[in-house]
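Each chain is listed here by its residues.
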Amino acid sequence: MSAARKLNLVSVEGYLAGELISPIKHEYLGGLAYAMAGERNAHCLIASNTLGAVGMRLRGRRCRAFNSDTKIRIRLPSYVRFYYPDASVVCRPNPQTDSFQDEPSVLFEVLSRRTRRVDEVEKKDAYESIPSLAVYILIEQDMAAVVAFRRTETGFIREVHEGLDAVIPLGEIGIELPLAEIYETVEFTPEAGDDEGA
């Protein structure tokens, strides 16, 4: 009979200190740190377009846009998680000496074949547990389509915005976000490994 291998869990403090010096970003789930893989140029362009469009609209306002180097801390009942969304909006920021944010108002993730399940299920459930979160936005990479999960008095509702003429209303932070700006100069091509015609 073989003994079960003991996991070497990383403390929150150890994780945060390590991230400040690591050349690779890691997400953190209750003591386990997972290295993040790189993305296609289309993914990075969509994330940059989103950040730029949101940041420009928030200039001079209380809420601020943050890029994908900003971790979000999620305090669940039994453990802590840290995720790096592709972009975020924070209206009550942590001190600038911190390396994470606790109270995002809007979170953006660009979907890819590899990350879709995590973004649509695991991260969605965790993000929706954050009391300050008003909207969680999932951005398709291979078509002009966005799914927004918006907080209401009865829970989160799902909205679909499709086409380059569509606009995402974000009254919670006082702006609107056109899909044409999210997808500016993006060439829609299937990811390698996608099943065509499926």
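This text goes with the structure placed above it.
Scope of this entry: the structure provided in the associated data block. Note that the coordinates shown come from a computational prediction; the quantities given were computed from them, not determined experimentally.

1. Considering the packing of aromatic side chains
Here is step 1: Counted by the stated rule, this structure contains eight aromatic pairs.
Here is step 2: Centre to centre, the rings of Tyr15 and Phe82 are 5.2 Å apart; their planes meet at 35°, and the pair counts as tilted. Of this pair, Tyr15 sits in helix α1 (residues 12–21) while Phe82 sits in strand β5 (residues 80–83), and the two are 67 residues apart along the sequence.
Here is step 3: A residue is classified by how much of its surface remains accessible, and Tyr15, at 4% relative accessible area, is buried.
Here is step 4: Looking at Phe82, the relative accessible area reads 0%, which means it is buried.
Here is step 5: When the centroid spacing of 6.4 Å and the interplanar angle of 25° are considered together, the rings of Tyr136 and Phe149 count as stacked. Of this pair, Tyr136 sits in strand β9 (residues 135–139) while Phe149 sits in strand β10 (residues 145–152); the two residues are 13 residues apart in sequence, bridging distant segments of the chain.
Here is step 6: Each member of the aromatic cluster is reached from another via a ring pair, and the members are Tyr15, Tyr28, Phe82 and Phe100.
Here is step 7: Above the face of the Tyr84 ring, Lys25 is positioned so that its terminal group lies 5.0 Å from the ring centre.
Here is step 8: Lying across the ring of Phe149, Lys124 places its NZ or CZ 4.7 Å from the centre.

2. With respect to helix α2 (residues 41–58)
Here is step 1: Between its first and last C-alpha atoms α2 spans 26 Å; for 18 residues at 1.5 Å apiece the expected length is 26 Å, and the two agree.
Here is step 2: Those residues of α2 lying buried are Ala42, His43, Ile46, Ala47, Asn49, Thr50, Ala53, Val54 and Leu58. Down the axis, α2 shows its buried residues gathered within 160° of arc, on one side only. Summarising the geometry of α2, the exposed residues directed more than 90 degrees from the buried face are Asn41 and Met56.

3. A word on the pattern of salt bridges
Here is step 1: The final tally for this structure, using the stated rule, is 15 salt bridges.
Here is step 2: Note that Lys123 and Glu109 form a salt bridge whose closest N and O atoms lie 3.2 Å from each other. Taken together, the residues span a long stretch of sequence, with Lys123 in helix α3 (residues 116–127) and Glu109 in strand β8 (residues 104–110) at a distance of 14 residues.
Here is step 3: With relative accessibility at 2%, the residue Glu109 sits in the buried group.
Here is step 4: Close ionic contact of Glu140 with Arg116 constitutes a salt bridge, the shortest N to O distance being 2.7 Å. Residue Glu140 is located in the loop between β9 and β10, and its partner Arg116 is located in helix α3; the two are separated by 24 residues in the primary sequence.
Here is step 5: By relative accessible area, Glu140 is classed as buried at 16%.
Here is step 6: In the salt-bridge network here, residues are joined through shared partners; they are Glu27, Glu109, Asp119 and Lys123.

Reading guide: rules and limits
Residues numbered from 1 in each chain as written. Predicted model: local features only at pLDDT ≥ 70, side-chain atom pairs only at ≥ 80, totals over all residues. Heavy atoms only, no water. Phe/Tyr/Trp six-rings, centres within 6.5 Å; stacked < 30°, edge-to-face > 60°. Helix = DSSP H or I, 4+ residues; strand = E, 2+ residues; numbered from the N terminus. Buried < 20%, exposed > 50% of the residue type's maximum accessible area, 1.4 Å probe, protein only. Lys NZ or Arg CZ within 6 Å of the ring centre and 35° of its normal. Expected span 1.5 Å × (residues − 1). Arc of directions from axis to C-beta. Salt bridge = Lys/Arg side-chain N within 4 Å of Asp/Glu carboxyl O.

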